[in-house]
Amino acid sequence: MPTAVLTDRERTAVQAYLRLLHTVRAAFDREGGPPLVPPAVLAEAEQALERAGLTGNEEEFFRLLEQWCPEPGS
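Being a predicted model, the structure only gives us computed values, none of them experimental.

(A) Structural view of the environment of Phe62. For Phe62, the location among the structural elements is in helix 3 (residues 58-68). With relative accessibility at 39%, the residue Phe62 sits in the partly exposed group. Along the primary structure Phe62 and Val14 are separated by 48 residues, whereas in three dimensions their C-alpha atoms are 8.9 Å apart.

So, in structure tokens, the structure goes:
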């Protein structure tokens, strides 16, 4: 599989998405009360996607994500 060379903005978007994903997982893992995701984490991911030109282009974003951070065993 060819290695993706991400732009700085694409890399920032992928990193923000991964932080958001980990925050959501942690929120669901905590006991008591509804899961809460800080608005700043959501805003960071949204802004990073927009700056990278990936807003509304989920197919391209997930292609970059898969190439940069492949699932174990793939």
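(B) The arrangement of the pattern of salt bridges in detail. Counted by the stated rule, this structure contains three salt bridges. The partner of Arg11 in a salt bridge is Asp8, with the nearest N and O atoms 2.9 Å apart. You can see Arg11 and its partner Asp8 sitting in helix 1 (residues 8-29), three residues apart, about one turn around the helix. On the basis of relative accessible area, Arg11 is assigned to the partly exposed category, the value being 29%. In this structure Asp8 comes out as exposed when scored by relative accessible area, which is 59%. The salt bridge involving Arg63 is made with Glu60; its shortest N-O contact spans 2.4 Å. Here the residue Arg63 and the residue Glu60 both occupy positions in helix 3, the gap between them amounting to three residues, near one helical turn.

(C) Seen up close, the nonpolar core. By size, the foremost hydrophobic cluster in this structure holds 14 residues, and its most contacted members are Ala13, Val14, Leu54, Phe61 and Leu65. Every residue in contact with Ala13, bar those within four places of it in the chain, is listed here: Ala48, Leu49, Ala52, Leu54 and Phe61.

(D) Spatial organisation of the packing of helix 1 against helix 2 (residues 39-51). Where helix 1 contacts helix 2, the two axes come as close as 8 Å, and the packing angle between them is 155°. Taken together, helix 1 and helix 2 sit at an angle that is classed as roughly antiparallel. Here helix 1 and helix 2 pass one another in a crossing that is left-handed. Between helix 1 and helix 2, the residues in contact are Arg9, Thr12, Ala13, Ala16, Arg19, Leu20 and Thr23 and Val41, Leu42, Glu44, Ala45, Ala48, Leu49 and Arg51, respectively. When the residues that make up the contact of helix 1 with helix 2 are grouped by side-chain class, the tally is eight nonpolar, two polar and four charged.

Cut-offs applied
Throughout, residues of each chain are indexed from 1 in the direction in which the sequence is written. In keeping with the predicted nature of the model, local features appear solely for residues at pLDDT of at least 70, side-chain atom pairs appear and are counted solely at 80 or more, and the whole-chain, interface and lining totals rest on all residues. Only hydrogens and water are set aside when side-chain values are computed; all heavy atoms of the structure are taken into account. For helices the rule is a DSSP run of H or I covering at least 4 residues; for strands it is a run of E covering at least 2, with both sets numbered from the N terminus onward. For the exposure calls, accessible area comes from a 1.4 Å probe over protein chains only, and a residue counts as buried if that area is under 20% of its type's maximum, exposed if over 50%, partly exposed in between. What counts as a salt bridge is simple: a side-chain nitrogen of Lys or Arg found within 4 Å of a carboxyl oxygen of Asp or Glu. Here the nonpolar core consists of buried residues drawn from Ala, Val, Leu, Ile, Met, Phe, Trp, Tyr and Cys, with membership extended through side-chain atoms lying within 4.5 Å. For this analysis, residues touch if any pair of their heavy atoms sits within 4.5 Å. Inter-axis angles, ranging from 0 to 180 degrees, are taken between N-to-C directions of lines fitted to C-alpha atoms, where helices are fitted over the stretch in contact. Throughout, the term roughly parallel applies to angles under 35 degrees, roughly antiparallel to angles over 145, roughly perpendicular to angles from 65 to 115, and oblique to all others. Helix crossings get a hand from a simple test, with the near helix turned counterclockwise from the far one by less than a right angle marking a left-handed crossing and a clockwise turn marking a right-handed one. Classes in brief: Ala, Val, Leu, Ile, Met, Phe, Trp, Tyr, Cys and Pro nonpolar; Asp, Glu, Lys and Arg charged; the others, Gly included, polar.

Shape descriptors only; they carry no functional weight alone.
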